[in-house]
Amino acid sequence: MQAAGKALKSGAKRLLGRAGFDIVRSSNNRGGVDDFLPFEATMRAARAAGLSVGDHIDQVMNGTPGATQSTIDELRALGVFAGRPTSVLEIGPGSGRYLEKTLKECSPERYEIYETAAPWADYLVETFGVVARPTAGSSLAPTPDASIDLVQAHKVFNTVTFLCASRYFLEMARVTRPGGRIVFDVMTETCLDPDAVRTWATQGGEGHGSYPAALPRRTCVDLFATLGCTLEASFVAPMGVATTEVLVFGKAA
């Protein structure tokens, strides 16, 4: 029985590694992730490969070389970094693979993170000088209203429950300043044509709790519209055996 349990955890870990998001132990485990990405082992493997932690996760662990950079490139092309945001907030940065590349794009004066995995949060603070905020897993309460130029979350909302994502959406709009941007990805109907559904069902492994979580595109667009935010652009990015849709919202000035 114990061996079966270990095998199940090992299988879940392999699946989640393919999902395109970072597996971290969380004391507020609302997304159903019951395994973790070992901090020390991952750091050693990245150093041995001569790669940054983020590039190691993309190339070696997820088998999607350049996936993070391609998302950053798309955001640059859409002008997300053009205004040189001075304050950035990221939900669930994990190993910091998007954080690291965002810092290279816009060099903000302040970068806040909400990360439930303490070893990774500590690493990001020490390595990049970001500010780790205390998190309850669905709130940005420590961040004041209308104080952030760019709020982002990558590979987060397709791993948590509908209510958790919805609560974060309300908070993201609250903390974004007028004229600011909100960027996140969700597995929308754009990503769920019959072939994609069949692929998830037959090749997606056992899944875990809420992963992969789908959310209607219209629901996101309509909700943010009531919060003074307009969808400016979207594009599809790799995730696991299929894709996720990145949405870019602008908050009315």
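Bear in mind the structure is a predicted one, so any value in this text is a computation, not a measurement. (Residues numbered from 1 in each chain as written. Predicted model: local features only at pLDDT ≥ 70, side-chain atom pairs only at ≥ 80, totals over all residues. Heavy atoms only, no water.)

1. Regarding the overall build of the chain
On a plain count of helices and strands, the chain comes out with 9 helices and 7 strands. By the burial criterion, 50% of the 253 residues in the chain qualify as buried. In the structure as shown, the chain presents an accessible area of about 11100 Å², 54% of it carried by carbon and sulfur atoms. (Helix = DSSP H or I, 4+ residues; strand = E, 2+ residues; numbered from the N terminus. Buried < 20%, exposed > 50% of the residue type's maximum accessible area, 1.4 Å probe, protein only. Areas by Shrake-Rupley, 256 points an atom, 1.4 Å probe, with all protein chains shown as cover.)

2. Some remarks on the pairing of strand β4 (residues 148–153)
Taking burial as the measure, the 6 residues of β4 include 6 buried ones, the bulk of the element. Across 4 bridges, the pairing between strand β1 (residues 87–91) and β4 is parallel. Paired with valine 88 across the strands is leucine 150, a residue of β4. Direction of pairing for β4 relative to strand β5 (residues 176–186): parallel, over a ladder of 5 bridges. By the bridge assignment, leucine 150 is partnered in β5 with arginine 181. For the handedness criterion, the β-α-β arrangement of β4, helix α7 (residues 162–175) and β5 is classed as right-handed. (Pairing = 2+ DSSP bridges. Right-handed = clockwise from strand over helix to strand, strands pointing away.)

3. Digging into helix α9 (residues 217–226)
When α9 is considered as a whole, its buried residues turn out to be Cys220, Val221 and Phe224. Taken around the axis of α9, the buried residues stretch over an arc of 95°, which confines them to a single face. Exposed side of α9, more than 90 degrees from the buried face: Arg218, Ala225 and Thr226 are the residues found there. Directly after α9, the chain includes glycine 228, whose backbone phi takes a positive value near 80°. (Arc of directions from axis to C-beta.)

4. Topic: the pairing of β5
Within β5, 8 of the 11 residues are buried, leaving the element largely enclosed by the surrounding structure. The sheet contact formed by β5 and strand β7 (residues 242–251) spans 6 bridges and is antiparallel. Paired with valine 186 across the bridge in β7 is glutamate 245.

5. Section: the sheet that holds β1
Spatial strand order, β3-β2-β1-β4-β5-β7-β6: 7 strands in an open sheet with mixed pairing. Where the open sheet ends on each side, the last strands, each with one partner, are β3 (131–132) and β6 (229–239). Two elements, strand β2 (residues 110–114) and β3, share 2 bridges in a ladder whose sense is parallel. Across the sheet, residue glutamate 112 finds its bridge partner in β3, namely valine 131. Contacts from α9 reach β5, β6 and β7 within the one sheet, and its direction differs from that of β7 by about 15°. (Contact = heavy atoms within 4.5 Å. Axes fitted to C-alpha atoms, helices over the stretch in contact; angles between N-to-C directions.)

6. Focus on the side chain of aspartate 58
Assignment of secondary structure puts aspartate 58 in helix α3 (residues 53–61). A residue is classified by how much of its surface remains accessible, and aspartate 58, at 1% relative accessible area, is buried. Of the polar contacts made by the side chain of aspartate 58, one reaches the side chain of threonine 68; its length is 2.7 Å. With residues up to four places along the chain from it excluded, the contact list for aspartate 58 reads Gly63, Thr64, Pro65, Gly66, Ala67, Thr68 and Arg97. (Polar contact = N/O pair within 3.5 Å; in protein donor to acceptor, adjacent residues only side chain to side chain.)

7. A few points about the confidence of the model for the chain
Per-residue pLDDT for the chain has a mean of 86; in total, 84% of the residues score no lower than 70. When the criterion is pLDDT under 50, residues 1–35 qualifies, and its contacts beyond four places in sequence or with other chains add up to 72 contacts. (pLDDT = per-residue confidence, 0-100.)

8. Observations regarding the pattern of salt bridges
Overall, the coordinates contain 13 salt bridges when judged by the stated rule. Salt-bridge contacts for aspartate 58 lead to arginine 97; the nearest nitrogen and oxygen are separated by 2.8 Å. Note that aspartate 58 is positioned in helix α3 and arginine 97 in helix α5 (residues 97–106), a separation of 39 residues in sequence. The burial state of aspartate 58 is the same as that of arginine 97; both residues are buried. Here aspartate 149 ties to arginine 177 by a salt bridge, and the two come within 2.1 Å at their closest N and O atoms. Of this pair, aspartate 149 sits in strand β4 while arginine 177 sits in strand β5; the two residues are 28 residues apart in sequence, bridging distant segments of the chain. (Salt bridge = Lys/Arg side-chain N within 4 Å of Asp/Glu carboxyl O.)

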